[in-house]
Amino acid sequence: LRRRNLPLDASLSSTQRTVELFLGDACDHLDRPWDLRTMARQCGLGPTRFAHHCRRITGMTPLGYLAARRVERAARLLV
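Basis of the calculations
Residues numbered from 1 in each chain as written. Predicted model: local features only at pLDDT ≥ 70, side-chain atom pairs only at ≥ 80, totals over all residues. Heavy atoms only, no water. Salt bridge = Lys/Arg side-chain N within 4 Å of Asp/Glu carboxyl O. Helix = DSSP H or I, 4+ residues; strand = E, 2+ residues; numbered from the N terminus. Buried < 20%, exposed > 50% of the residue type's maximum accessible area, 1.4 Å probe, protein only. Expected span 1.5 Å × (residues − 1). Arc of directions from axis to C-beta. Contact = heavy atoms within 4.5 Å. Disulfide = S-S within 2.5 Å. Axes fitted to C-alpha atoms, helices over the stretch in contact; angles between N-to-C directions. Parallel < 35°, antiparallel > 145°, perpendicular 65-115°, else oblique. Nonpolar A, V, L, I, M, F, W, Y, C, P; charged D, E, K, R; others polar.

A. Examining the pattern of salt bridges more closely. Within the structure shown, the criterion is met by two salt bridges. Where arginine 17 meets glutamate 20, a salt bridge forms, and the shortest distance between an N and an O atom there is 3.2 Å. Of this pair, arginine 17 and glutamate 20 both sit in helix H1 (residues 15-26), three residues apart, which is roughly one turn of that helix. Ionic pairing is found between arginine 69 and glutamate 72, a salt bridge with its closest N-O pair at 2.6 Å. Linking arginine 69 with glutamate 72, this pair stays in helix H4 (residues 62-78), spanning three residues, or about one helical turn. On the basis of relative accessible area, arginine 69 is assigned to the buried category, the value being 18%. You can call glutamate 72 partly exposed: its relative accessible area is 37%.

Quick look at the structure:
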């Protein structure tokens, strides 16, 4: 890859992108007892920075986002 001199897409290596990927993956692990510190640690961020990115991406707090996803999953299971 170094020889090809490919341009780096900074949007793919940002901390916001890390949170986006985490939130997508967390939906597969809704049964885990997530808390703000644990989620932030998974992304290599502090709780405040993680919450900031989560609000920016989802419009919700991290725990609010997880609660909404859990309710959606429960609703699907009931159908």
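Once the structure has been displayed, the description carries forward.
B. Quick look at helix H3 (residues 47-58). The terminal C-alpha atoms of H3, which comprises twelve residues, lie 16 Å apart, in line with the 16 Å expected from a rise of 1.5 Å per residue. Residues of H3 that are buried: Phe50, Ala51, His53 and Cys54. One side of H3 carries all its buried residues, which in axial view fall inside an arc of 165°. Pointing more than 90 degrees away from the buried face of H3 are the exposed residues Thr48 and Arg56. At its buried positions, H3 is contacted by H1, helix H2 (36-42) and H4. Positive backbone phi, at 80°, marks glycine 59, one or two positions downstream of H3.

C. A look at the state of the cysteines. Tallied over the entire structure, the rule returns zero disulfides. The thiol sulfur of cysteine 54 is not disulfide-bonded, and the nearest other cysteine sulfur, from cysteine 43, lies at 9.3 Å.

D. A look at the packing of H1 against H3. One way to put it is that H1 packs onto H3 with a least axis distance of 9 Å and a crossing angle of 70°. The pairing of H1 with H3 is recorded here as roughly perpendicular in orientation. Touching Thr15, Gln16, Val19, Glu20, Phe22 and Leu23 of H1 are Phe50, His53, Cys54, Arg56, Ile57 and Thr58, all from H3. In terms of residue class, the contact of H1 with H3 is made up of six nonpolar, four polar and two charged.

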